[in-house]
Amino acid sequence: MTVLVAYGTTGGSTGEIAGWIAAELRAAGLPVDLMPAGEVADVAEYRALVLGSAVYAMGWHSGVRQFARRFAGRFAGRPVWLFSSGPLDTSADDGSLPPGRHAVEAMRELPAREHVTFGGRITSEAHGWIGHLAGQLAREGHAGDFRNPERVRAWARGIAAEISRAGRSGASDEHRAVGVVDQLAADRAQQGARDDAEAAIADDDQLRGV
Ligand SMILES: Cc1cc2nc3c(=O)[nH]c(=O)nc-3n(C[C@H](O)[C@H](O)[C@H](O)COP(=O)(O)O)c2cc1C
């Protein structure tokens, strides 16, 4: 079964992070669907979810917020990981930034097992209102790429390992269950043979008048 990597991005850098994650999962042999969260129509076919959003004015991308609401509870029993991308400095890399309000809501809604924050990126090439504000941030000295591809990739490798481990133990649980069913059938067949033999002896005894 496929893993869904869904994301919300305005300037493209969170989409790129999602792409790094998808590449690591695929390298570990897992089939992956990678798409903007707003374009996901159904989640029934997925064995796991990685959902990430860019952060603007302390909030998540609307497509990601809506995704969490639309599919609330639909991943019960299947693992979910969340990430945010935002800080325009290296503060995300010490791993202790708390999740924002929308991430906390999504953790509860989906529910998710973990949330991490990665650094963000801002460039003066951004267009529209982001471009305008990005220009301002750049003038204030915040421009740059604060994403850490190695940290993202290491996180994704941990996810791949967990999904693969769960798949293996799920498969061996299934194997064990089949074994138990086979054993029950064999026990039942043996008991049936014993019953038949006892019935035959009883018939024989009756015939011989014992
Ligand atoms: C107007 C504006 C507001 C931002 N607000 C926040 C914020 O509140 N918290 C944060 O961590 N990053 C904030 N950022 C940084 C972005 O989250 C960062 O640039 C991110 O990489 C953008 O992702 P995207 O390219 O996928 O849209 C802001 C950036 C802009 C331009």
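Structural data are supplied above this passage.
Below you will find a few notes about this structure. (Residues numbered from 1 in each chain as written. Predicted model: local features only at pLDDT ≥ 70, side-chain atom pairs only at ≥ 80, totals over all residues.)

### Some thoughts on helix 1 (residues 13-27)
In a regular helix each residue adds 1.5 Å, so 15 residues correspond to 21 Å; helix 1 covers 21 Å between its end C-alpha atoms and thus fits that length. Those residues of helix 1 lying buried are Ser13, Thr14, Ile17, Ala18, Ile21, Ala22, Glu24 and Leu25. The first or second residue beyond helix 1 is glycine 29, which carries a positive phi of 90 degrees. (Helix = DSSP H or I, 4+ residues; strand = E, 2+ residues; numbered from the N terminus. Expected span 1.5 Å × (residues − 1). Buried ≥ 20, exposed ≤ 12 C-beta atoms within 10 Å, placed from the backbone.)

### Some words on unusual backbone geometry
With an omega of -15 degrees, the peptide bond running from leucine 110 to proline 111 counts as cis. Tracing the backbone shows proline 111 in the loop between helix 3 (101-109) and strand 6 (114-118). In this structure, alanine 57 is a non-glycine residue whose phi angle is positive, near 45 degrees. Considering the arrangement of structural elements, one finds alanine 57 in the loop between strand 3 (46-56) and strand 4 (59-60). For alanine 57, a count of 5 C-beta atoms within 10 Å corresponds to the exposed category. Although it is not a glycine, methionine 58 sits at a positive phi angle of roughly 65 degrees. Examined against the element boundaries, methionine 58 turns out to sit in the loop between strand 3 and strand 4.

### Re the environment of aspartate 145
Locating aspartate 145 in the fold gives a position in strand 8 (residues 144-145). Expressed as a C-alpha distance, the spacing of aspartate 145 and proline 87, which sit 58 residues apart in the sequence, is 9.9 Å.

### Thoughts on helix 3
Those residues of helix 3 that sit buried are His102, Ala103 and Ala106. Here the buried residues of helix 3 occupy an arc of 100 degrees about the axis, which is enough to place them on one side. Structural note: helix 3 exposes Arg101 and Arg108 on the side pointing more than 90 degrees away from its buried face. Where helix 3 is buried, its residues contact strand 3, strand 4, helix 2 (62-70), strand 5 (80-85) and strand 6. (Arc of directions from axis to C-beta. Contact = placed C-beta atoms within 7 Å.)

### Overview of the site of the ligand
In the vicinity of the ligand, 23 residues are found, and the nearest of them are Gly11, Thr14, Ala54, Gly86 and Gly120. Looking at the shell around the ligand, the elements that each hand over two or more residues are helix 1, strand 3, strand 7 (121-122) and helix 4 (128-139). No other element matches helix 4, which puts four residues into the shell around the ligand. Considering only residue class, the shell around the ligand consists of 12 nonpolar, 10 polar and one charged. (Near = placed C-beta within 6 Å. Nonpolar A, V, L, I, M, F, W, Y, C, P; charged D, E, K, R; others polar.)

Worth remembering: the numbers are spatial, not functional.
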